[in-house]
Amino acid sequence: MSETSEAGTAHEAGDPPAPPRRRVLADLTPLRTSPDYRRLWVGGTVSWTGQGMTTLAISLHVYELTGSSFSVGLVGLFSLVPLVGFGLYGGAVADAVDRRRLGLVSAIGLAALSVVLAAGTVAGFHQVWFLYTVVSLQAVCGAVSSPARTAMIPRLLPKEQLPAANALSSMTTTSGALVGPMLGGLVVGAWGYEAAYLIDAVAFSAALYAMWRLPAMPPQRNGDSKRPSVLGGLRFLATRPNVRMTFYTDFCAMILAHPRALFPAVAVLWYGGDARTTGLLVAAPAVGALLGGVFSGWLGRIHRHGLAIVLAVAAWGAAIAVFGLTRHLWLGLVLLAVAGCADTISMVLRTTVLQTAVPDDMRGRLQGVFIVVVAGGPRAGDFLAGTAGDLFSPTTAVVAGGVACVVAVGLLAVARPGFLRYDARAPQA
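Residues numbered from 1 in each chain as written. Predicted model: local features only at pLDDT ≥ 70, side-chain atom pairs only at ≥ 80, totals over all residues. Heavy atoms only, no water.

Here R363 is to be found in helix α15 (residues 360-391). Within the local environment of R363, its side chain forms a polar contact with the backbone oxygen of Q355, the two atoms lying 2.9 Å apart. When residues no more than four places from it in sequence are discounted, the contact partners of R363 are D95, R99, A151, P154, L354, Q355 and V358. (Helix = DSSP H or I, 4+ residues; strand = E, 2+ residues; numbered from the N terminus. Polar contact = N/O pair within 3.5 Å; in protein donor to acceptor, adjacent residues only side chain to side chain. Contact = heavy atoms within 4.5 Å.)

Laid out in structure tokens, this is it:
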């Protein structure tokens, strides 16, 4: 029996957890106590950075071939459609098979696709349709891998460590999104696209090793012999109001108050800036999200997760609304960073609710829904903000969106007061 299994057995046997220390920085307990989780986290951090490099390299590659920003924008579409389309299906597969094996196969697929990208580039096969095809297949692998990977975490750690683990995961994704593109730009400039693709393939070896070392993790059945289905997961969700609230609250933030599409106009009209100003506006929420993960040690002491999620989403909306009223660039960047930090808090606690209030044989499917919400919500928000900005003005769109977010999440809290009473020590879906 592994160290993790022994720790989990002792916890389930009724041993009281050690009292949490007063900490501010990220809680590293999951990395110290579980070798399996530690390898999974390190492997994920390395592979996310490699993926960030490839994402930028493909965008640069497409622009070099076409000279069209529209063609570069299609890269996101070719990634989004498979991610949303296969997200629910990937969750059902994760509830039907050994999750460790599924994660291993999908990681092998992602590494192989990076090798294909590198080989095609070295061979001089510079075709836009080829890049779009690989991007779509990468999204399919990611949609299958993510539900299985997230559903593994509650099997590796006791539930009181899940907020800390999810905060560490948020640091992985955010740092990968920040560091990966920066490294990608340097690598492409120095050695070309094939070098970035090859480095990404090598980076996946860390994720492959972590998956290889995991124990078998078939879903734990609750006496149900039916084959897991997407429809079964949606039926389960329909009977779990607290879980549904985690999705509704995220929609409030990502659809109503997501001003990213307005940043190019805001940079010029509000701050008299240029593309570099737009880059700062785009980076500010990510920096805030990363800081939210770095200073997440206190989250382990929060038990009223429903109330904390509502407050975090309201804080996002309020920060966006005030951002719409300011015309000082650095104050605006600080407000966007505050919004990003609030988003990290919301994400960590929403993920924890899904992991603790949902039975193991449903976790994959609910994580599939989570993928659809996280991937689709911001895109819908981009469309809404862009449309409102053209119909009215960027100022009206940003301020009204932030206020609408606060009002909407407040109305949700009034309509579902049980969510405000949700207690992580006695999770009820």
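In this structure the tally under the stated criterion is six aromatic pairs. A centroid spacing of 5.8 Å and a plane angle of 85 degrees characterise the contact between F125 and W129, whose relative ring orientation is edge-to-face. Looking at W129, the relative accessible area reads 52%, which means it is exposed. Aromatic side chains W270 and F323 sit 5.5 Å apart centroid to centroid with 55 degrees between the ring planes, which places their arrangement in the tilted category. Of this pair, W270 sits in the loop between α11 (263-269) and α12 (275-294) while F323 sits in helix α13 (residues 305-323), and the two are 53 residues apart along the sequence. For W270, a relative accessible area of 10% translates into the label buried. (Phe/Tyr/Trp six-rings, centres within 6.5 Å; stacked < 30°, edge-to-face > 60°. Buried < 20%, exposed > 50% of the residue type's maximum accessible area, 1.4 Å probe, protein only.)

A few words now on a nonpolar patch on the surface. A grouping of V24, L25, V287, L291 and F295 is seen on the molecular surface, where their side chains present a nonpolar patch of about 450 Å² in accessible area. Checked against the element boundaries, V24 lands in the loop between α1 (3-12) and α2 (29-33). Looking at V24, the relative accessible area reads 53%, which means it is exposed. (Patch = residues over 30% accessible without salt bridge, like charges linked within 9 Å, V, L, I, M, F, W, Y side chains within 5 Å. Areas by Shrake-Rupley, 256 points an atom, 1.4 Å probe, with all protein chains shown as cover. Salt bridge = Lys/Arg side-chain N within 4 Å of Asp/Glu carboxyl O.)

Before going further, it helps to examine empty space enclosed by the protein. Inspection of every chain in the model, using the stated rule, returns two cavities of 30 Å³ or more. By volume, the largest cavity is sized at about 40 Å³. Within the residue set of the lining of the largest cavity, elements represented by two or more residues are α10 (241-256), α13 and α14 (329-357). When grouped by side-chain class, the residues that make up the lining of the largest cavity number five nonpolar, two polar and two charged. In this structure, the second largest cavity occupies an estimated 30 Å³ of space. (1 Å grid on protein atoms, 1.4 Å probe; cavity = no way out; pocket = protein on both sides within 12 Å on 5 of 7 lines; lining within 4 Å. Points joined across faces, edges and corners; volume = space filled by probe spheres on them. Nonpolar A, V, L, I, M, F, W, Y, C, P; charged D, E, K, R; others polar.)

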